[in-house]
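# Working through the structure, step by step
Letter by letter, the chains look like this.
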Amino acid sequence: MEPPQNVAENKTAPHSFVKDGVFYFVRIVPKDLKQLYTSSKISHILRTRSASVAAPRATRAAQQLDEYWYHLRLKDSDLPGKHMLRVAQNANAAPVTFVAFSTMRETVKLSKAGPSIFD
């Protein structure tokens, strides 16, 4: 009789595949962002043979990509007041940055040069 196998080790991690016993992360690039990539698929090694280790690594990689893709899509959207933002005039100027806020007491920073709207 064979010893019972760890059930978690037999499950696959999300957004992954196994090659030669090693887990790899894989994600298809969304259609609206394909022009920004040299390939239609993103993949890299997760450096583990364990599904229980691969799952959180793959999940985190997927979350990072989702967040990055969200920001790429925001850059192209119609932001209210976008025409009023200071845009860097030369390569040495500070780039325009955005800081998300959850309460009105936090600083909203639209450019490095300007004061906070709450000062």
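Everything numeric in this text was worked out from a predicted model, so none of it was measured. Each residue is numbered by its place in its chain's sequence as written, counting from 1. Selection of residues for local features in this predicted model requires a pLDDT of at least 70, selection of side-chain atom pairs for listing and counting requires 80 or more, and totals for whole chains, interfaces and linings are taken over all residues. Note that the side-chain values use all heavy atoms of the structure and ignore hydrogens as well as water.

### Some words on the pattern of salt bridges
Salt bridges are defined as contacts in which a side-chain nitrogen from Lys or Arg sits within 4 Å of a carboxyl oxygen from Asp or Glu. Inspection of the entire model under this criterion finds two salt bridges. Here Asp66 and Arg27 are joined by a salt bridge, their closest N and O atoms 2.7 Å apart. Of this pair, Asp66 sits in helix H2 (residues 51-76) while Arg27 sits in strand S2 (residues 22-28), and the two are 39 residues apart along the sequence. Any residue under 20% of the maximum accessible area for its type is buried, any over 50% is exposed, and the rest in between are partly exposed; the area is computed with a 1.4 Å probe on protein chains only. On the accessibility criterion, Asp66 (37% relative accessible area) is partly exposed. Taking relative accessible area as the criterion, Arg27 reaches 14% and is therefore assigned buried. Labels follow the DSSP assignment, with helices taken as runs of H or I lasting at least four residues and strands as runs of E lasting at least two, numbered in each case from the N terminus.

### Brief notes about the sheet that holds strand S3 (residues 41-45)
With respect to topology, three strands assemble into an open sheet ordered S1-S2-S3, the strand pairing being antiparallel. A strand with exactly one partner marks an edge of an open sheet, and here the two such strands are strand S1 (16-19) and S3. The mean angle between the axes of side-by-side strands here comes to 30 degrees, regardless of whether they run parallel or antiparallel. With four bridges joining them, S1 and S2 adopt antiparallel strand pairing. Paired with Lys19 across the strands is Val22, a residue of S2. In this analysis, strands are considered paired if DSSP registers two or more bridges between them. Fitted lines through C-alpha atoms serve as axes, helices being fitted only where they are in contact, and the angles separating the N-to-C directions of these axes extend from 0 to 180 degrees.

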